[in-house]
Amino acid sequence: CCPGWIRFVKSHWPQFVGQLSSAKSPQQMFGAVAKSWYAQTLGVDPSRIFSVSIMPCLAKKAECALPGMDGAGAGQDVDVALTTREVSRLIRSLQIQPQDLADEELDMPLGVGSGAGAIFGATGGVMEAALRSAFFLVTGKNPEPDAFKSVRGMDGWKEATFDIAGTALKVAVVNGLGNADKLLAALDRGDVRYDFVEVMACPGGCVGGGGQPIHDRVEMAPNRAPTLYDIDRSMKLRFSHENPSILECYQQFLGAPLSEKAHHLLHTTYHGWKMPGEK
């Protein structure tokens, strides 16, 4: 999910690049689907779609311009990435009062989100969302939505072990690249071993992203993360694998997870572009 983390691995620990998930970030998946399935659903030429993402992250601007992020065949899958701070400034500069705007239904498809998706922005959220679905895929039934909440919190390096149908799954969650450096050094020495690792470059995760609105001398991530968990708890839909938009996309367009079309649009290779000075 985190292009800052990806660049860090490529520049500091290139021996671990092969261990990175090939799944694109949510931003890039959305752009690829918007210019393929969504274009097909709307009945428009994909070249007429201009895809803009609004992100708490500065690194997303570089990510959307990377070679290979053009799987839909209509230019870059995401044309522009704006930060939340930039959008806030745009709203204020135009003297728009969001609280005075009438509510509207989100466009469909792709207008439905889940609680699992909401918590992606907090450190540990991607891990927790993935474990909820992993449990279902292994056992055929949903876990309690908060069964994996021990991965939450602002600690820089967290560990947990979960039992999924008799299999012990050891995971680690790291936020902040200083902590990521310590994690990779420990992995390189063989001091630790994990089945699944989540890393977010910014302290606290995306809620503490470099593109977020700034409060001078105040770190807002610890205040923002609980809001995401409140959103998750308030939603009837708390599992990614039950999202009707995602199910519809696979049924009508992608076919199945890891199908040829899904692999082409939703996955990438980190060997397809080089860091400055990389041979």
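Keep in mind that what you see is a predicted model, and the values were worked out from it rather than measured.

Caption draft 1: Structural context of the packing of aromatic side chains. One pass over the structure, following the stated rule, counts three aromatic pairs. Both rings, one in Trp13 and one in Phe16, keep their centres 6.2 Å apart while their planes meet at 55°; by these two values the pair is tilted. According to the relative accessible area criterion, Trp13 is buried, its value standing at 13%. Since its relative accessible area comes to 16%, Phe16 is described here as buried.

Caption draft 2: Quick peek at unusual backbone geometry. The residue Ala165 is not glycine, and still its phi comes out positive at about 55°. With respect to the element layout, Ala165 can be found in the loop between strand S3 (157–164) and strand S4 (167–175). Judged by its relative accessible area of 55%, Ala165 falls in the exposed class. Phi at Leu258 is positive, roughly 70°, even though this residue is not glycine. Assignment of secondary structure puts Leu258 in the loop between helix H9 (244–254) and helix H10 (260–266).

Caption draft 3: Expanded view of the nonpolar core. Counting residues in hydrophobic clusters, the biggest one holds 25 residues, and the most contacted among them are Trp5, Val9, Leu20 and Leu184. Every element with two or more residues in this core is listed here: helix H1 (3–12), S4 and helix H7 (177–189). At five residues, H7 tops the list of elements feeding residues into this core. If we skip the residues at most four places from it in the chain, Leu20 touches Trp5, Ile6, Val9 and Tyr270. By size, the runner-up hydrophobic cluster in this structure holds ten residues, among which are Met127, Phe135, Ala160 and Val171.

Caption draft 4: A look at the packing of H1 against H7. Across the interface, H1 lies against H7 with an axial gap of 11 Å and an inter-helix angle of 45°. With respect to their mutual orientation, H1 and H7 come out oblique. H1 and H7 meet at a crossing whose hand is right-handed. Within the contact between the two elements, H1 uses Gly4, Trp5, Phe8 and Val9 and H7 uses Leu177, Ala180, Asp181 and Leu184. The class makeup of the residues in the contact of H1 with H7 is six nonpolar, one polar and one charged.

Caption draft 5: Layout of the pattern of salt bridges. A full pass over the atoms with the stated rule returns 14 salt bridges. Residues Asp77 and Lys24 are paired through a salt bridge, measuring 3.7 Å at the closest nitrogen-oxygen approach. With a gap of 53 residues between them, Asp77 in the loop between helix H3 (59–63) and strand S2 (80–83) and Lys24 in the loop between H1 and helix H2 (26–42) connect regions that are remote in the sequence. Each member of the pair, Asp77 together with Lys24, is buried. When the shortest N-O distance is used, the salt bridge between Glu63 and Lys60 registers 3.2 Å. Highlighted residues: Glu63 and Lys60, both in helix H3, separated by three residues, approximately one helical turn. Three or more residues joined by partner-sharing salt bridges are found here, namely Glu128, Arg132, Asp146, Arg152, Asp232 and Arg238.

Caption draft 6: Structural context of a nonpolar patch on the surface. Taken together, the side chains of Phe50, Val52 and Ile54 make up a nonpolar region of the molecular surface, amounting to roughly 310 Å² of accessible area. Inspection of the secondary structure assignment puts Phe50 in the loop between H2 and strand S1 (52–55). With relative accessibility at 58%, the residue Phe50 sits in the exposed group.

Caption draft 7: Here's a closer look at the pairing of S2. Here S2 shows one buried face, formed by Ala81 and Thr83, and one open face, formed by Val80 and Leu82. Pairing of S1 with S2 involves four bridges; the strand directions are parallel. Opposite Ser53, over in S2, you have Ala81 as the bridge partner.

Caption draft 8: Representation of the sheet that holds S4 in the model. The mixed open sheet is built from three strands, whose spatial order is S3-S4-S5. Strand pairing shows two members of the sheet lacking a second neighbour, S3 and strand S5 (196–200), which therefore form its edges. When strand polarity is set aside, the average angle formed by the axes of neighbouring strands in this sheet is 15°. When S4 meets S5, the two strands line up parallel, connected through five bridges. Across the sheet, the residue bridging to Val174 is Val199, located in S5. Where helix H6 (residues 125–139) meets the sheet, its contacts fall on S3, S4 and S5, and the angle it forms with S5 comes to roughly 155°.

Caption draft 9: Main features of the environment of Tyr250. Mapped onto the elements, Tyr250 comes out in helix H9. Not counting chain neighbours up to four residues away, the residues in contact with Tyr250 comprise Gly255, Ala256, Pro257, Ala262 and Leu266.

The rules we used
- Residues numbered from 1 in each chain as written.
- Predicted model: local features only at pLDDT ≥ 70, side-chain atom pairs only at ≥ 80, totals over all residues.
- Heavy atoms only, no water.
- Phe/Tyr/Trp six-rings, centres within 6.5 Å; stacked < 30°, edge-to-face > 60°.
- Buried < 20%, exposed > 50% of the residue type's maximum accessible area, 1.4 Å probe, protein only.
- Helix = DSSP H or I, 4+ residues; strand = E, 2+ residues; numbered from the N terminus.
- Core = buried A, V, L, I, M, F, W, Y, C linked by side-chain atoms within 4.5 Å.
- Contact = heavy atoms within 4.5 Å.
- Axes fitted to C-alpha atoms, helices over the stretch in contact; angles between N-to-C directions.
- Parallel < 35°, antiparallel > 145°, perpendicular 65-115°, else oblique.
- Left-handed = near helix turned anticlockwise from the far one by under 90°.
- Nonpolar A, V, L, I, M, F, W, Y, C, P; charged D, E, K, R; others polar.
- Salt bridge = Lys/Arg side-chain N within 4 Å of Asp/Glu carboxyl O.
- Patch = residues over 30% accessible without salt bridge, like charges linked within 9 Å, V, L, I, M, F, W, Y side chains within 5 Å.
- Areas by Shrake-Rupley, 256 points an atom, 1.4 Å probe, with all protein chains shown as cover.
- Pairing = 2+ DSSP bridges.

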